[in-house]
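# Topology and contacts: notes
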Amino acid sequence: MKHRSWAEPYKIKMVEPVRITSRFEREKAIEDAGYNTFLLKSADVYIDLLTDSGTSAMSDRQWAGLMLGDESYAGSKNFYHLEEAVQKYYGYKHLVPTHQGRAAEHIISQLLIKKGDIIPGNMYFTTTKLHQELAGGTFVDVIIDEAHDPENEHPFKANVDLNKLENLIKKYGAERIPYVSIATTVNMAGGQPISLENLHEVRSLTQKYGIKIIHDMTRVAENAYIIKEREPGYADREVSEIVREICNLTDGATMSAKKDALVNIGGFLAVNDDELFDRARNMVVIYEGLHTYGGMAGRDMEALAIGIGESVDYNHIKARVGQVYYLGEKIINMGIPIVKPIGTHGVFLNAKKMLSHLSKDKLPAQALAAALYLDSGVRAMERGVVSAGRNPENGDHNYPELELVRLTVPRRVYTQAHMDVVAESVEVVYEERNKITGLKFVYEPRYLRFFQSRFEIL
Ligand SMILES: *Cc1c(COP(=O)(O)O)cnc(C)c1O
């Protein structure tokens, strides 16, 4: 059969012009930003692949939903729409809205973790781990070893190593493990999915010891789509059914709705346990706002309620992940090392391998992201030693196995032509890689240092 192309299941109704800068302008901009792409002004960026967080384009239905905002302090209609969507698409019983994902992580960590506790998880995430630590816990990675190898093409690199998990439970005792933290997909491993087979096994094991599973469901629809594509037995299942099955295997979830759920701001905590819900609902009023808005405007809750439905639509998610794959395949065909399999929300350049002439203390990924911006105005993000922070005990840098630059694709925002420009810029930077000499810290904040650190060229 002749090859048949597919295209996005939408057409464009409004456009936002972007500025194309000169190399001279970019040199000044990146220097002013201390070689940290987080500190660039967006007006100086041409194609912004810093993050897929809060950067998606809303649909006309979501924009219409904004006009239905009920800005009552208490009991807004939009809260009930959102609660209905969370129950219908995700199956969790109780909803506590928050302004974004980390606020939900804060609440659940404070409620469930006590000093000295251990929280196993399928690789760390920056904010998740920090909130676990601030609550007195220690995060322990129990992801399969394949996840730490960027070349390994395991189809479900977010899977939990059940032996690692059981050994940990035996070592510390179930009383010291309040929950297992399971992310769909795993961002820091390169946007990699967990299989349902593995999640079922994690569920059986944790049930045996009476341990909860808290689900970081930030990209659950993308994970579900890959399960449909790759996991035996799921090809004929709806993405929405797979999403429900994943959620049903967990006790509660934190959600950054700024990713999968197609809104610019928002998040929530969802739990099934009535007593835990009461405590979470009480805590949200201290930090976020009343339990029927939790830091979101009514209109934002409406847009989110609509976005959740759109996010599990097969044609949407196929085009979303398909665009990321298009970029990834193009870069692979240029002979440039990236994390494989290609992630669902972005392409992760293997900076360690691309810049093999730089030792890890020269911050190769940070330097690569700066070089890419300089070449074309494409903004990417470091995911390596700078993101991994320092060991709280001895203050040394944490050197993760993976030293990556993430080209994160916002949902429904850029075209395939933008992806071509990005890939070509990556190729030019790779060809001229020997000009990159590395960076050193000149300013380093205490928490989540990747956001605000400043650097100088070595
Ligand atoms: C973005 C993200 C979070 C944190 O959510 P925010 O909305 O940015 O606070 C948590 N976990 C994962 C996997 C994420 O990607």
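The structure presented is a predicted model; accordingly, all values stated were derived computationally and were not measured.

Any space left empty among the atoms is revealed by the rolling of a water-sized probe across them. The computed volume of the largest pocket comes to approximately 1600 Å³. If you list the elements that add at least two residues to the lining of the largest pocket, you get helix H2 (60-66) and helix H16 (416-431). Here the element with the most residues in the lining of the largest pocket is H2; it accounts for 3 residues. A breakdown of the residues in the lining of the largest pocket according to their chemical character gives 17 nonpolar, 10 polar and 12 charged. If you count residues domain by domain, the lining of the largest pocket takes at least three from each of domain 1 (23-52 + 314-457) and domain 2 (60-311). The calculated volume of the second largest pocket comes to roughly 720 Å³. Together, 25 residues line the second largest pocket, and Lys-129, Glu-133, Arg-390, Asn-391 and Pro-392 are the ones closest to its centre. When contributions to the lining of the second largest pocket are tallied by element, the ones reaching two or more residues are helix H5 (126-134), strand S4 (138-141) and helix H15 (385-388). Top contributing element to the lining of the second largest pocket by residue count: H5, with 5 residues. A per-class count over the lining of the second largest pocket returns 10 nonpolar, 8 polar and 7 charged. Residue contributions to the lining of the second largest pocket reach at least three from each of two domains, namely domain 1 (23-52 + 314-457) and domain 2 (60-311).

So, on to the site of the ligand. Neighbouring the ligand are 14 residues, the closest being Gly-101, Arg-102, Asp-216, Ser-256 and Lys-259. Asn-187 is positioned such that a nitrogen or oxygen atom in its side chain is 3.1 Å from an oxygen atom of the ligand. Asp-216 is positioned with one of its side-chain polar atoms (N or O) 2.6 Å from a nitrogen atom of the ligand. In isolation the ligand has 380 Å² of accessible area, and contact with the protein removes 96% of it. Of all the secondary-structure elements, those providing two or more residues to the shell around the ligand are helix H4 (101-112) and H5. With 3 residues, H4 is the largest single contributor of residues to the shell around the ligand. Looking at side-chain class alone, the shell around the ligand contains 1 nonpolar, 7 polar and 6 charged residues.

Quick look at the domain arrangement of the protein chain now. Segmentation of the protein chain into domains returns domain 1 (23-52 + 314-457) and domain 2 (60-311). Domain 1 and domain 2 are separated by 26 Å when their C-alpha centres are compared. Each side of the interface is counted separately: domain 1 has 33 residues, and domain 2 has 40 residues. Carbon and sulfur atoms supply 57% of the area that domain 1 and domain 2 bury against each other, a total of about 2900 Å² over both sides. If you look at where domain 1 meets domain 2, you find 5 salt bridges. For Lys-353, the salt bridge goes to Glu-151, with nearest N and O atoms at 3.2 Å. Scanning the region where domain 1 abuts domain 2 turns up 15 residue pairs in polar contact (both at pLDDT 80 or more). For the side of domain 1 that touches domain 2, the secondary-structure elements that each account for two or more residues are helix H12 (314-333), strand S9 (346-350), H15 and strand S12 (404-408). Sort the elements by how many residues they give to the side of domain 1 that touches domain 2 and H12 lands first, with 7 residues.

This part covers the side chain of Arg-219. Looking at the element boundaries, Arg-219 is found in the loop between strand S6 (212-216) and helix H8 (220-230). When its relative accessible area of 2% is taken as the criterion, Arg-219 is described as buried.

Next up on the list: empty space enclosed by the protein. Per the counting criterion, the structure on display carries 2 cavities of 30 Å³ or more. Approximately 70 Å³ is the volume found for the largest cavity. Looking at the largest cavity, the residues that line it are Glu-105, Ile-108, Ser-109, Thr-128, His-131, Gln-132, Tyr-179, Ser-181, Ile-214, His-215, Asp-216 and Thr-254. If you list the elements that add at least two residues to the lining of the largest cavity, you get H4, H5, strand S5 (179-183) and S6. Per-class residue counts for the lining of the largest cavity are 3 nonpolar, 7 polar and 2 charged. Around the second largest cavity, the lining residues are Glu-8, Tyr-10, His-316, Ala-319, Arg-320, Gln-323 and Arg-412.

Attention now moves to the pairing of S5. A large share of S5 lies buried, amounting to 5 of its 5 residues. Of the two faces of S5, the one lined by Tyr-179, Ser-181 and Ala-183 and the one lined by Val-180 and Ile-182 are each fully buried. Of the pairings in the sheet, the one linking S5 to S6 comprises 5 bridges and is parallel in character. Within S6, the residue paired with Ser-181 across the bridge is Ile-214.

For the pair H8 and helix H9 (residues 239-248), the least separation of the axes is 9 Å and the interaxial angle reads 115°. Our classification of the angle between H8 and H9 gives roughly perpendicular. In this structure, the crossing between H8 and H9 has a hand that is right-handed. Here Val-220, Ala-221, Asn-223, Ala-224, Tyr-225, Ile-227 and Lys-228 of H8 come into contact with H9, specifically with Val-239, Ile-242, Val-243 and Ile-246.

Rules and cut-offs
- Residue numbering note: each chain is counted from 1, following its sequence as written.
- In view of the model being predicted, local features appear only for residues whose pLDDT reaches at least 70, and side-chain atom pairs are presented and counted only at 80 or more, with totals across whole chains, interfaces and linings using the full set of residues.
- For side-chain calculations, the full set of non-hydrogen atoms in the structure is used, while hydrogens and water are omitted.
- The way it works is a 1 Å grid over only the protein atoms, where trapped points that fit a 1.4 Å probe form a cavity and open points with protein on both sides within 12 Å along at least five of seven lines form a pocket, and then any residue with an atom within 4 Å of a point lines it.
- Grid points are joined across faces, edges and corners, and a volume is the space filled by probe spheres set on the points.
- Numbering goes from the N terminus for both helices and strands, where a helix is a DSSP run of H or I of at least four residues and a strand is a run of E of at least two.
- Gly falls in the polar group here, along with every residue not listed as nonpolar (Ala, Val, Leu, Ile, Met, Phe, Trp, Tyr, Cys, Pro) or charged (Asp, Glu, Lys, Arg).
- Here the bounds of each domain stem from an automatic or database domain assignment.
- One heavy atom within 4 Å of a molecule or strand is enough for the residue carrying it to be called near that molecule or strand.
- Under the rule applied, a polar contact is a pair of N or O atoms within 3.5 Å (in protein, one hydrogen donor and one hydrogen acceptor; residues adjacent in sequence only if both atoms are side-chain atoms).
- Note on areas: these come from Shrake-Rupley sampling with a 1.4 Å probe, and a residue is covered only by the protein chains present in the view.
- Should any heavy atoms of two residues lie within 4.5 Å, those residues are counted as being in contact.
- Summed over both partners, buried area is the accessible surface (1.4 Å probe) that two parts give up on being assembled.
- In the sections that follow, a salt bridge refers to a side-chain nitrogen of Lys or Arg positioned within 4 Å of a carboxyl oxygen of Asp or Glu.
- Only protein chains enter the accessibility calculation, which uses a 1.4 Å probe; a residue whose area is less than 20% of its type maximum is buried, one above 50% is exposed, and one in between is partly exposed.
- At least two bridges found by DSSP between two strands are what make those strands a pair.
- Here the axes come from fitting lines to C-alpha atoms, over the contacting stretch only for helices, and the angles between their N-to-C directions go from 0 to 180 degrees.
- Roughly parallel means an angle under 35 degrees; roughly antiparallel means over 145; roughly perpendicular covers 65 to 115; every other angle is labelled oblique.
- Here is the rule for handedness: rotate from the far helix to the near one, and if that takes an anticlockwise turn smaller than a right angle the crossing is left-handed, while a clockwise turn gives right-handed.

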